[in-house]
Amino acid sequence: MDLRGRVAVVTGGGVRVGRAIALGLAVAGADVFVHYNRSAEPAAQTAEDVEKLGVQASTGSADLSDPAAARALIGLAMAALGAPSILVNSASGFPGDTLSDVTAEGFERTLRLTLAAPVFTTQAFATALPAEEHGAVVNITDVRTQRPYQKHFSYIVAKGGLDTFTRTAALQLAPRIRVNAVALGVILPPPTEDDSYAEQLAAQLPAQRVGGVEPVVDAVIHLLQNDFLTGEIIRVDGGGHLV
Ligand SMILES: NC(=O)c1ccc[n+]([C@@H]2O[C@H](COP(=O)([O-])OP(=O)(O)OC[C@H]3O[C@@H](n4cnc5c(N)ncnc54)[C@H](OP(=O)(O)O)[C@@H]3O)[C@@H](O)[C@H]2O)c1
């Protein structure tokens with residue numbers, strides 16, 4: 001798939017990993033709709049930086065823990081830039097909980113943002129895609145769905161669901177829409193932690209370093225460009241799944 005001239009939606013595109021993906025899409029020639037929830041200024045800055053790369057950008061806010069807002073997001077992007085043919089579901093929470101202390105309310109909230117939102121943005125995306133067009137979705141998941149975290153119970157269960165959703169949607173939306181995912185390892189420290197947190201984790205990896213956003217962007221662009229990939233989940237984890 002040639003990304004030039006296409007419209008891409010990136011959820012959580014204002015900051016960190018999402019911002020890097022938005023810029024990577026712009027470098028590849030796509031116009032980018034930068035979704036945000038609270039990060040209005042960073043999202044506006046990302047849009048400005050996207051435009052400096054010679055493509056169009058727009059921003060829009062939605063609280064994706066509300067399924068109706070998740071569905072409506074694609075309409076906002078369409079109104080701003082035209083029908084999207086690329087969707088990157090990057091927005092997520094990262095709450096700390098365990099099976100012992102998780103509440104029904106907290107569990108449901110996490111599932112809504114981290115699993116239900118990608119489902120309903122994808123549903124709206126598929127509905128809005130013009131009949132003659134091909135499209136592609138990339139979900140951002142977590143390599144730890146295979147070896148789950150102890151302290152992020154509801155998050156990792158939701159991401160496990162996102163893995164299954166990726167494969168299910170790939171089947172249901174084929175051949176017109178491809179659906180893939182990247183499963184991230186130690187890419188950036190959580191916003192609440194400093195660099196030493198990620199460096200400690202990275203010391204245990206075969207790659208022995210924190211990934212940073214560049215390999216994530218490379219993997220996302222590869223999944224979008226390669227027309228024969230669907231239902232694939234690429235690990236971007238410096239070999240962390242091996243140890
Ligand atoms: N960083 C890593 O090393 C790592 C590792 C494994 C997986 N991942 C995955 O990679 C993706 C990006 O990670 P990150 O570290 O860049 O994320 P992050 O810094 O935690 O940012 C979270 C993003 O989600 C958005 N968001 C949060 N609550 C929202 C809500 N209620 N409605 C809509 N959007 C909401 C935020 O938007 P606003 O800022 O606008 O509120 C923000 O853009 C996530 O899916 C994460 O699970 C990251």
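Further up the page is the structure itself.
First things first, this report covers the structure right here in the doc.

Calculation criteria
- Residues numbered from 1 in each chain as written.
- Predicted model: local features only at pLDDT ≥ 70, side-chain atom pairs only at ≥ 80, totals over all residues.
- Heavy atoms only, no water.
- Helix = DSSP H or I, 4+ residues; strand = E, 2+ residues; numbered from the N terminus.
- Buried < 20%, exposed > 50% of the residue type's maximum accessible area, 1.4 Å probe, protein only.
- Core = buried A, V, L, I, M, F, W, Y, C linked by side-chain atoms within 4.5 Å.
- Contact = heavy atoms within 4.5 Å.
- Expected span 1.5 Å × (residues − 1).
- Pairing = 2+ DSSP bridges.
- Axes fitted to C-alpha atoms, helices over the stretch in contact; angles between N-to-C directions.
- Near = heavy atom within 4 Å.
- Polar contact = N/O pair within 3.5 Å; in protein donor to acceptor, adjacent residues only side chain to side chain.
- Areas by Shrake-Rupley, 256 points an atom, 1.4 Å probe, with all protein chains shown as cover.
- Phe/Tyr/Trp six-rings, centres within 6.5 Å; stacked < 30°, edge-to-face > 60°.
- Lys NZ or Arg CZ within 6 Å of the ring centre and 35° of its normal.

1. Topic: the environment of Gln123
Part 1: Mapping Gln123 onto the fold places it in helix α4 (residues 104-128).
Part 2: Looking at Gln123, the relative accessible area reads 40%, which means it is partly exposed.
Part 3: As for Gln123 and Leu201, which are separated by 78 residues in sequence, their C-alpha atoms are 36 Å apart.

2. Side note on the nonpolar core
Part 1: By size, the foremost hydrophobic cluster in this structure holds 38 residues, and its most contacted members are Ile21, Leu25 and Val220.
Part 2: When residues of this core are traced back to their parent elements, those giving at least two are β1 (7-11), α1 (16-27), β2 (31-36), α2 (40-52), β4 (86-89), β5 (135-142), β6 (177-184) and α7 (214-225).
Part 3: Excluding anything up to four places from it in sequence, Leu25 contacts Leu3, Ala8, Val10, Ala30, Val32, Ile86, Val88, Ile221 and Leu224.
Part 4: Listed in part, the 25 residues of the second largest apolar core include Ala77, Ala91, Leu162 and Ala170.

3. Concerning α7
Part 1: A rise of 1.5 Å per residue sets the reference length of α7, with its 12 residues, at 16 Å; its end C-alpha atoms lie 17 Å apart and thus fit the reference within 8%.
Part 2: For α7, the complete set of buried residues consists of Val216, Val217, Ala219, Val220, Ile221, Leu223 and Leu224.
Part 3: Its buried side turned inward, α7 meets α1, β4, β5, β6 and β7 (233-236).

4. Here's the deal with the sheet that holds β6
Part 1: If you trace the 7 strands from one edge of the open sheet to the other, you get β3-β2-β1-β4-β5-β6-β7, paired in parallel fashion. Of all the strands in the sheet, the pair left with one neighbour each is β3 (57-61) and β7. Going across the sheet, the axis of each strand differs from the next one's by a mean of 20 degrees, ignoring polarity.
Part 2: For β5 and β6, the ladder comprises 8 bridges, and the chain directions are parallel. Residue pairing across strands places Val138 opposite Asn180, the latter belonging to β6.
Part 3: Contacting β4, β5, β6 and β7, α7 crosses the sheet at an angle of about 160 degrees to β6.

5. Observations concerning the site of the ligand
Part 1: Contacts to the ligand come from 26 residues, most closely from Arg16, Asn37, Arg38, Ser39 and Ser90.
Part 2: Interatomic distance of 3.3 Å between a backbone N/O atom of Gly12 and an oxygen atom of the ligand.
Part 3: Arg38 is positioned with one of its backbone polar atoms (N or O) 2.8 Å from an oxygen atom of the ligand.
Part 4: Taking 900 Å² as the accessible area of the ligand by itself, protein coverage stands at 85%.

6. Observations regarding the packing of aromatic side chains
Part 1: Evaluation of the coordinates by the stated rule reveals 4 aromatic pairs.
Part 2: Ring geometry for Tyr149 against Tyr155: centres 6.3 Å apart, planes inclined by 50 degrees, an arrangement best described as tilted.
Part 3: Residue classification places Tyr149 among the partly exposed residues on the basis of a relative accessible area of 22%.
Part 4: Counting every residue linked through ring pairs, the aromatic cluster contains Phe94, Tyr149 and Tyr155.
Part 5: Geometry around Tyr149 places Arg144 over its ring, the cationic atom sitting 4.5 Å from the centre.

7. Section: unusual backbone geometry
Part 1: That bond from Ala174 to Pro175 is cis: its omega, 0 degrees, falls within 30 degrees of zero.
Part 2: When you line up the elements, Pro175 lands in the loop between α5 (153-173) and β6.
Part 3: Positive phi outside glycine occurs at Arg16, with the angle close to 50 degrees.
Part 4: Position of Arg16 among the secondary structure elements: in helix α1.
Part 5: The residue Gln208 is not glycine, and still its phi comes out positive at about 55 degrees.

Take it as geometry only, folks, not as evidence of what the structure does.
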